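A look at the structure
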Amino acid sequence: MAEKTIFEKVVSGELPSKKVLENDKFLAFYDISPKAPVHILAIPKECIKDFDCADSHLLGELCGFAQEVVKKVGIDKSGYRIITNIGVDGGQEVPHLHLHILGGTKLKFPPLV
């Protein structure tokens, strides 16, 4: 059996997190190493390796969940950025699909190169 990812451990409660929003399919929590005043990770509870491995229905639901998250934390009107990293060259560190939701300040572009 493969070792659990850090996000699977967060979902199972083995590791603590500062939860923002949760439902039966998804969990959103604050990143432990924030890159903006608001930096939240939104993940499916089921371990799906990355964006390319997810079906379009799940991605649509995850995007809808992210919309709920930004409203809950109050960045829906001021603006925010959503990023997902895919693969080593894309900067993915945890092999579990996740959206980075960043906001709370005027974000610069280009991001994290």
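To start, this report covers the structure provided alongside it. All values derive from a computational prediction rather than experimental measurement. Throughout this description, residue numbers start from 1 for each chain and increase along the sequence as written. This being a predicted model, a pLDDT of at least 70 is required before a residue's local features are given, and a value of 80 or more before pairs of side-chain atoms are given or counted; all residues contribute to the totals for chains, interfaces and linings. Water and hydrogen atoms play no part in the side-chain values, which are based on all heavy atoms of the structure.

**Topic: the overall build of the protein**
Keep this limit in mind: The secondary structure listing takes helices from DSSP runs of H or I that are at least 4 residues long and strands from runs of E that are at least 2 residues long, numbered from the N terminus. In this scheme, a residue with accessible area under 20% of its type's maximum is buried, one over 50% is exposed, and one in between is partly exposed, where area comes from a 1.4 Å probe on protein chains only. Two residues qualify as a contact provided that any one of their heavy atoms is within 4.5 Å of a heavy atom in the partner residue. In this tally, Lys and Arg are treated as positive and Asp and Glu as negative; His is ignored, and so are the chain termini. Every charge is mapped onto a representative atom, which is NZ of Lys, CZ of Arg, CG of Asp or CD of Glu.
When its secondary structure is counted, the protein shows 2 helices and 5 strands. Listed by position from the N terminus, the elements making up the protein come as α-β-β-β-α-β-β. With respect to the principal axes defined by its C-alpha atoms, the protein has extents near 45 × 30 × 30 Å. Among the 113 residues that make up the protein, the fraction classed as buried is 37%. Taking the intrachain contacts of the protein between residues at least 6 apart in sequence as the baseline, contacts between residues at least 24 apart amount to 57%. Computed over 14 positive and 15 negative side-chain charges, the inter-centroid distance for the protein is 9 Å.

**Brief notes about the pattern of salt bridges**
Put simply, the test is: Salt bridge, as used here: a side-chain nitrogen of Lys or Arg that lies within 4 Å of a carboxyl oxygen of Asp or Glu.
Applying the stated criterion across every chain yields a total of 5 salt bridges. A salt bridge links E22 to K19, with the nearest nitrogen and oxygen atoms 3.1 Å apart. A residue is classified by how much of its surface remains accessible, and E22, at 37% relative accessible area, is partly exposed. Overall, the relative accessible area of 48% leaves K19 in the partly exposed class. For D76, the salt bridge goes to K77, with nearest N and O atoms at 3.5 Å. Owing to a relative accessible area of 28%, D76 belongs among the partly exposed residues under this scheme. Salt bridges sharing common partners tie together K19, E22 and K45.

**Looking at the nonpolar core**
Applied cut-off: By nonpolar core is meant a set of buried Ala, Val, Leu, Ile, Met, Phe, Trp, Tyr and Cys residues that side-chain atoms within 4.5 Å join together.
Core analysis: the largest hydrophobic core is formed by 20 residues, its most contacted members being A28, F65, V69 and I101. The set of elements that each furnish at least two residues to this core consists of β1 (19–22), β2 (26–30), β3 (38–44), α2 (56–73) and β5 (99–103). Among the elements that make up this core, the one with the highest residue count is α2 (7 residues). Excluding anything up to four places from it in sequence, V69 contacts V20, L21, A28, I40 and I101.

**A closer look at α2**
Applicable threshold: To estimate the expected span of a helix, count its residues, drop one, and scale the result by 1.5 Å.
With 18 residues, α2 should reach 26 Å at 1.5 Å per residue; the first-to-last C-alpha distance of 26 Å fits that figure. Of the surrounding secondary structure, the elements contacted by the buried residues of α2 are β1, β2, β3, β4 (80–83) and β5. Once α2 finishes, G74 follows within two positions and takes phi at roughly 80 degrees, a positive value.

**Re the packing of aromatic side chains**
The condition is simple: Here the aromatic set is Phe, Tyr and Trp, taking the six-membered ring for Trp, and pairing holds for ring centres within 6.5 Å; pairs whose planes are under 30 degrees apart are stacked, those over 60 apart are edge-to-face, and all others are tilted.
On inspection of all chains with the given rule, the structure shows 2 aromatic pairs. Taking 5.8 Å as the distance between ring centres and 70 degrees as the angle between the ring planes, the aromatic pair formed by F7 and F29 counts as edge-to-face. Here F29 lies in strand β2 and F7 lies in helix α1 (residues 6–12), a separation of 22 residues in the sequence. Among the residues examined, F7 registers a relative accessible area of 6% and is labelled buried.

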